[in-house]
Amino acid sequence: MNISAQSGNTLDQKSDLVILFSTEDAQLPEQITGLFVSADFAGKAKQTLLVYSQEKVSPPRILLVGLGVGDKVNSETFRNAAAVAIKEARKIKAEQVAIGLVGDLVLEEQVIAQAITEGMVLGSYRFLGYKTDLNEDEKFLVSDAVIFCTDTKKTSQGITEGQAVAAGIELARDLINGPGVDITPERFGEEAILMEKRVGIKATVLGVKELKEQGFGGILAVGQASVNEPRFIVMEYGEPAEDVPTVCLVGKGLTFDSGGLNIKPADAMVTMKSDMGGAATVFGAMEAVARMKLTVHLVGIIPSAENMPGPNATRPGDIVKSMSGKTIEILNTDAEGRVILADGIHYAHRYNPAAIINFATLTGAMIIALGHHATGLMSTDQALTDKIKVASEKSGEGVWELPMWQEYHDMVKSDIADLKNLGGKAAGSITAATFLAAFAGDYPFAHFDIAGTGYLDTPIKAYHHKGGTGVGVRLMVELLKDFK
Ligand code: BES
Ligand code: ZN
Ligand code: ZN
């Protein structure tokens, strides 16, 4: 979608459709109020009304979209409203839309433009690559959107940033929605190389031979029964410098999680192509940060494997030596994410990072605890936690903190190895996190469990769709914008 900024009045435009965002208390222009019964539209959040201008104003149709009470409006309001609007525009096959705003808001124009852009692009997102029978209606896309504003420079800046963020999220969604037969660890390696060419990051892909030589015991143990061999992927954006902090993002890249020998029941396995959601967040964040040219040295680390049963599979009771040298007693082969992440997190030490941040669809227990509305945050560093909470607030991506007390660290100590990959049923999400923290050394460490938020069977926000969400990309962009 082509999105641009323009000054002037939306109602003088010839576009197919004018989208007018309005707060509850706003006074709509008289030419418009005459076109509908006032009770039909009050500017309430998510309310929409399509009116025909009957030649009273230049555009043929106007879509009124409510924002709710003015002082409660934030960027998330705009993201949702824009997604609602673009879906309506699609329904009536408006190719060009002009966007205007009525009402007093405290938000800056740039922030509004960025949120509208994200909402329109993400609201238009569809995963159609595997459909062979699309008709014209299904293929229809809104091609042009013009945002009317007072400051075209700031608005254009907001649009550019919104497009960068949305591109990262689209990439993450495409990877999550792609089936495990195609989105393999090998394919992840290819994606990183493509990204190197596209946005100028540096990509390194290690195959089984290198993994063996360099002692990636965790990744090899999880991936050893699959014909889709594991990979270890490193993507690097920027360079470290005095005022440029290094942040390592690590993402769980299980391209399919059958559970291994501790095989999952059918119902639990059906969405397990999405067990690479953490890796998708890392890909998406790298894409967005590189496009936005943020001042940060960002290292994306993706341990990737397919967890399968088979004659060569890791057994419950096996002991695995991770890259760090720490030994892991495998009590359940379905708790595999933490085993590959152990190597990924340890690998990050070589960059001497200011923070190691992990994303993973790690535990079903996370969905029991927080459902699909909040991502679980587990961190061993208060300063990092504080920054993340600010970024969460700004990005509209909700996180909720869980405790990381010593007692939880003790729960993953093994009798016969250094650690065990199962802490028991109680506090399952936290013990998975304390297991990971054992590999972070003294580096500030935060882990996001996106098991509930990375993939949705039922969309929650207007800019969601059934499938991958790309959660975490916006949060990381906000965090890294001004990371110190
Ligand atoms: N990939 C799953 C976690 C998961 C479950 C993600 C549902 C998204 C939706 C993970 O590898 C897993 O299987 N975890 C086990 C851990 C258990 C064996 C300790 C779980 O949650 O049951
Ligand atoms: Zn599993
Ligand atoms: Zn898993």
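Check the entry above for the structure.
Just so it is clear, the structure is predicted and the values come from calculations on it, not from any experiment.

S.K.: What should I look at first to understand the pattern of salt bridges in this one?
M.R.: Two side chains carrying opposite charge are able to pair once their charged atoms lie near each other. Overall, the coordinates contain 23 salt bridges when judged by the stated rule. Taking the shortest distance from any N to any O, the salt bridge between Arg-474 and Glu-76 comes out at 3.2 Å. Placement of the pair is Arg-474 in helix α16 (residues 473–481) and Glu-76 in helix α2 (residues 75–91), with a sequence separation of 398 residues. With respect to class, Arg-474 is no different from Glu-76; both count as buried. Among the salt bridges present, the one from Asp-257 reaches Lys-264, with a minimum N-O distance of 3.8 Å. The pair formed by Asp-257 and Lys-264 is uniform in burial state, with each residue classed as buried. Ionic contacts of the salt-bridge type, sharing partners, join the residues Glu-76, Arg-79, Glu-118, Glu-397, Lys-461 and Arg-474 into one network.

S.K.: Before we go on, may I ask you to explain the coordination of the zinc ion (ligand 2) in this structure?
M.R.: When a metal holds four donors in a tetrahedron, each ideal angle between them is 109.5 degrees; when it holds six in an octahedron, the ideal angles are 90 or 180 degrees. Within the first shell, the zinc ion (ligand 2) binds the protein through Asp-257 (OD), Asp-334 (O), Asp-334 (OD) and Glu-336 (OE), at distances of 2.0 to 2.2 Å. Viewed at the metal, the six donor atoms of the zinc ion (ligand 2) are separated by angles of 70 to 166°, and the geometry they form is irregular. Along the chain, the residues that donate to the zinc ion (ligand 2) are spaced as D-x76-D-x1-E. Taken as a pair, the zinc ion (ligand 2) and the zinc ion (ligand 3) lie 3.2 Å from each other and share Asp-257 as a ligand. Given a relative accessible area of 23%, Asp-334 falls into the partly exposed group. Residue Glu-336 is classed as buried on the basis of its relative accessible area of 2%.

S.K.: How do you make sense of the packing of helix α6 (residues 185–199) against helix α10 (residues 277–292) when you look at a structure like this?
M.R.: Pairs of packed helices are described in terms of their axes, by the angle between the two and the distance that separates them. Closest axis-to-axis distance for the α6/α10 pair is 11 Å, and the angle between their directions is 5°. Overall, the two elements α6 and α10 adopt an arrangement that is roughly parallel. Every residue of α10 that contacts α6 at Phe-188, Glu-191, Ala-192, Met-195, Arg-198 and Val-199 is listed here: Ala-279, Phe-283, Met-286, Glu-287, Ala-290 and Arg-291. Of the residues belonging to the contact of α6 with α10, the class tally is eight nonpolar, no polar and four charged.

S.K.: What should I look at first to understand the packing of aromatic side chains in this one?
M.R.: To describe a pair of aromatic rings, you give the distance between the ring centres and the angle between the ring planes. Scanning the model with the defined rule gives 11 aromatic pairs in all. Centroid distance Phe-216 to Phe-232: 4.6 Å. Interplanar angle 45°. Geometry classified as tilted. Of this pair, Phe-216 sits in the loop between α7 (208–213) and α8 (217–223) while Phe-232 sits in strand β8 (residues 231–237); the two residues are 16 residues apart in sequence, bridging distant segments of the chain. Ring geometry for Phe-359 against Phe-448: centres 4.7 Å apart, planes inclined by 15°, an arrangement best described as stacked. Here Phe-359, found in strand β14 (residues 355–360), pairs with Phe-448, found in strand β18 (residues 445–449); they are 89 residues apart in sequence, far enough to count as distant. Like Phe-359, the residue Phe-448 is buried in the burial classification. Pairwise contacts between aromatic rings join Phe-216, Phe-232, Tyr-347 and Tyr-351 into one cluster. For the cation-ring pair, Lys-326 lies above Phe-439, with the distance from its terminal atom to the ring centre recorded as 5.9 Å. Sitting over the ring of Phe-483, Lys-387 keeps its end group 4.7 Å from the ring centre.

Basis of the calculations
- Residues numbered from 1 in each chain as written.
- Chains lettered and ligands numbered in written order.
- Predicted model: local features only at pLDDT ≥ 70, side-chain atom pairs only at ≥ 80, totals over all residues.
- Heavy atoms only, no water.
- Salt bridge = Lys/Arg side-chain N within 4 Å of Asp/Glu carboxyl O.
- Helix = DSSP H or I, 4+ residues; strand = E, 2+ residues; numbered from the N terminus.
- Buried < 20%, exposed > 50% of the residue type's maximum accessible area, 1.4 Å probe, protein only.
- Donors = N, O, S within 2.8 Å, 3.2 Å for Na, K, Ca; no water.
- Tetrahedral: all angles 85-135°; square planar, octahedral: opposite > 155°, others 65-115°.
- Axes fitted to C-alpha atoms, helices over the stretch in contact; angles between N-to-C directions.
- Parallel < 35°, antiparallel > 145°, perpendicular 65-115°, else oblique.
- Contact = heavy atoms within 4.5 Å.
- Nonpolar A, V, L, I, M, F, W, Y, C, P; charged D, E, K, R; others polar.
- Phe/Tyr/Trp six-rings, centres within 6.5 Å; stacked < 30°, edge-to-face > 60°.
- Lys NZ or Arg CZ within 6 Å of the ring centre and 35° of its normal.

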